[in-house]
Amino acid sequence: MAKQKKAPRPKAQTPKGFRDYFGPEVTERAEMLNTIAGVYHQYGFDALESSGVETVEALGKFLPDVDRPNEGVFAWQDEDDSWMALRYDLTAPLARVYAQHRNDLPLPYRRYAMGPVWRNEKPGPGRYRQFYQCDADTVGSGSVAADAEICAMLADTLEKVGIPRGDYLIRVNNRKVLNGVLECMGLDDDAQRDAVLRTIDKFDKVGEAGVRELLGKGRLDASGAYIDGVGLSDAQAEPVVAFLTSGRLEAAETLANLRAAFGASTVGEEGVAELEQIAELLAAQGYGPDRIIIDPSVVRGLGYYTGPVFEAELTFEILDEKGRKRQFGSVAGGGRYDDLVKRFTGQAVPATGVSIGVDRLLAALREKGRIGGSVQGPVVVTVMDRDRMGDYQAMVAELRQAGLRAEVYLGNPKNFGNQLKYADKRESPVAVIEGGDEKDKGVVQIKDLILGAKLAEDASLEEWKDHPSQYEVPRDQMVAKVQEILDLHK
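The shown structure was predicted, so the numbers you read here are calculated from the model rather than taken from an experiment. (Residues numbered from 1 in each chain as written. Predicted model: local features only at pLDDT ≥ 70, side-chain atom pairs only at ≥ 80, totals over all residues. Heavy atoms only, no water.)

## Points about the overall build of the protein
For the record, the criterion: Strands are runs of DSSP state E lasting at least 2 residues, helices are runs of H or I lasting at least 4, and numbering of each runs from the N terminus. In this treatment the radius of gyration is a C-alpha quantity, and the globule benchmark scales as 2.2 Å times the residue count to the 0.38 power. Relative accessibility under 20% of the residue-type maximum defines a buried residue, over 50% an exposed one, and the middle range a partly exposed one, all with a 1.4 Å probe and only protein chains included. Any two residues having at least one pair of non-hydrogen atoms within 4.5 Å are treated as being in contact. Where accessible areas are quoted, they stem from the Shrake-Rupley method and a 1.4 Å probe; at the residue level, only the protein chains shown are allowed to cover. Charge assignment in this entry is limited to Lys and Arg as positive and Asp and Glu as negative, and neither His nor the chain termini are counted. A charged residue contributes its charge at one atom only: NZ of Lys, CZ of Arg, CG of Asp or CD of Glu.
Helix and strand counts for the protein stand at 18 helices and 18 strands. Its C-alpha atoms give the protein a radius of gyration of 29 Å, more than 25% over the compact-globule value 23 Å for 490 residues. With the principal axes as the frame, the protein shows a C-alpha extent of 95 × 75 × 60 Å. Split into buried and exposed, the 490 residues of the protein put 44% on the buried side. Pairs at least 24 apart in sequence give 67% of the contacts found in the protein among residues at least 6 apart. Surface summary for the protein: the accessible area is close to 26000 Å², and the carbon and sulfur share equals 49%. Charge-centre separation for the protein: the mean point of 62 positive side chains lies 6 Å from the mean point of 77 negative side chains.

This is the structure:
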């Protein structure tokens, strides 16, 4: 009888588009989420934690991969034939929650939510299928004061997490203004309007001249390939160019330029009036153009939003993978979406909100060197006699009760050198040692591992003697000595 082949061992690898996060990264993210939550809470928003799984019907419009339509979510069919999926953002679940519980919720309903979302899209460098979002939304208020508040809160949040004023800018636009521009162009063909929107979205990359070419006959891109244009005349294209180039530092100038860009459009004038109110509300709170500006070049997401739209951009320069300087770019975005809840209730419910890309923001802080240093490990209580484990556990309990991070070495204690290697690998600042001799004398040895590592690198014998890295102290002074060393290395 032939031997049955053993099943191959599974490969130890993360699925494509996903990654693992270890201690320091998890700690940094948790601290950032806690800081952001503190700002949101201060502004009066309540926490909401909804399910990571929603019905496909509730999620509604997917965010599909361009090359794989209708596959934007991770979905499966349940045993009752209903389809469910992992949430792709935190806004669609909010609409479902509000529609489901609206009779029990205050109006307006102000909530924040944090957590992972999943998108079944092609992964790429820095683009994962699972990532964290951090949202705050006001549902049930049509006042632009709600939009202005979101912008102010976003500015405060960025500064609170460590992005100083001058390193960020929140840019505000309005979908209604763009609608006014399109109205002035007199375009009846939906395909042509969509092509104009796609061209507007390229303004940051190709500039005014490139937009003019793409709205007209077309242009050669950097690779030499020819891109067909929308086919508009110069006169038809002019309102778009005027709209995109109307931004100035002072809000009043920008608004005047916008009014000139679309003439007598009622919807356009309504959009400018809303931007004017937002600028006035922000100025009254002390948020000037050094933090928040009216900027018509903000066009991303305008197909989704129904009114004001905002984007937080980090303005400092970094080096890309080819060593070229570029701005870090966007870390948060949002706007007014008055049609989302209507899918469930049949009635329009105004809403506005913002989503912060936590992973992007963490990457920005690492680029600036504001996080990403080594995270201090625990104090390690070494084990000199395995029969005295109770004594060592009592010692570590004292350290923890004093608020210190500490652990007992739980590996094989036979080789003391391995215990110190373990402490080094854990980036422990201090090791506590109590052998039989120390026990008899009522003392412990406290080893300053940080100082010891520095002395080992470049200290002379005299310096080593003058600055010992190991101290013998009475047993009842153990906690105080450990705390003294930790304070020294803060």
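Anyway, onward from the coordinates.
## Quick notes on the sheet that holds strand β16 (residues 430-433)
Think of a sheet as strands paired side by side through backbone hydrogen bonds, with each pair either parallel or antiparallel. Rules: Paired strands, as defined in this entry, are two strands with at least two bridges between them according to DSSP. All axes are obtained by fitting lines to C-alpha atoms, using only the stretch in contact for helices, and the reported angles, taken between N-to-C directions, cover 0 to 180 degrees.
With mixed pairing, the 5 strands of this open sheet are ordered in space as β15-β14-β16-β17-β18. Of all strands in the sheet, those bounded by a partner on one side alone are β15 (406-408) and β18 (470-474). For this sheet, the mean inter-axis angle between neighbouring strands, taken without regard to orientation, is 25°. Taken together, the 3 bridges between strand β14 (residues 379-381) and β15 define a ladder with parallel strand orientation. Following the sheet pairing, V381 is matched in β15 by V408. Seen against the sheet, helix α18 (residues 478-488) touches β14, β16, β17 (443-448) and β18 and runs at an angle of roughly 10° to β17.

## Quick word on the pattern of salt bridges
Just so we agree on the cut-off: What makes a salt bridge here is a side-chain nitrogen of Lys or Arg within 4 Å of a carboxyl oxygen of Asp or Glu, nothing more.
Counted according to the given criterion, the structure contains 22 salt bridges. Close ionic contact of E159 with R165 constitutes a salt bridge, the shortest N to O distance being 3.0 Å. The partner of E159 in a salt bridge is R291, and the shortest N-O contact between them spans 3.8 Å. Linking E159 in helix α4 (residues 144-161) with R291 in the loop between α10 (266-284) and β10 (292-294), this pair joins segments that are 132 residues apart in sequence. Residue classification places E159 among the partly exposed positions, given a relative accessible area of 25%.

## What to know about the packing of aromatic side chains
What counts, and what does not: Working definition: a ring pair exists when centres of Phe, Tyr or Trp rings (six-membered ring for Trp) sit within 6.5 Å. Plane angles under 30 degrees give stacked, over 60 give edge-to-face, the rest tilted.
With the rule as written, the count across this model stands at 3 aromatic pairs. On the basis of an interplanar angle of 45° and a centroid distance of 6.1 Å, the ring pair of F18 and F74 is categorised as tilted. Taken as a pair, F18 in the segment before α1 (23-42) and F74 in the loop between α2 (56-59) and β3 (75-77) lie far apart in primary sequence, 56 residues in all. Relative accessible area serves as the criterion here: at 22%, F74 is assigned to the partly exposed category. Pairing Y409 with Y422 gives two aromatic rings, centres 5.3 Å apart and planes at 70°, and the pair type is edge-to-face.

## Things to note about the sheet that holds strand β2 (residues 53-55)
Spatially, the 3 strands line up as an open sheet ordered β2-β4-β3, and their pairing is antiparallel. This sheet does not close on itself; its edge strands, each paired only once, are β2 and β3. Each neighbouring strand pair of the sheet contributes to a mean axis angle of 30°, computed without reference to strand direction. Two strands pair when backbone bridges link them, and β2 and strand β4 (residues 83-86) are joined in this way by 3 bridges, in the antiparallel orientation. The partner of E54 across the bridge, within β4, is A85.

## Comments concerning helix α13 (residues 389-401)
Using the following cut-off: Expected helix span is given by 1.5 Å per residue-to-residue step, counting one fewer step than there are residues. In this context, the arc is that of the directions from the helix axis out to the C-beta atoms.
An ideal rise of 1.5 Å per residue puts 18 Å on 13 residues; α13 measures up with 18 Å between its terminal C-alpha atoms. For α13, the set of buried residues is Y392, M395, V396 and L399. Angularly, the buried residues of α13 cover 95° about the axis, an arc narrow enough to put them on a single face. Exposed side of α13, more than 90 degrees from the buried face: G390 and Q401 are the residues found there. Contacts from the buried residues of α13 go to β14, β15, β16, β17 and α18. Just downstream of α13 lies G403, where phi reads positive at about 90°.

## A few points about unusual backbone geometry
Negative phi values dominate among residues other than glycine, just as trans dominates among peptide bonds. L107 connects to P108 through a cis peptide bond whose omega is 0°. In this fold, P108 is placed in the loop between α3 (91-101) and β5 (109-118). Although it is not a glycine, E427 sits at a positive phi angle of roughly 55°. Summarising the element assignment, E427 is placed in the loop between α14 (416-425) and β16. Taking the relative accessible area as the measure of exposure, E427 reaches 41% and is therefore partly exposed.

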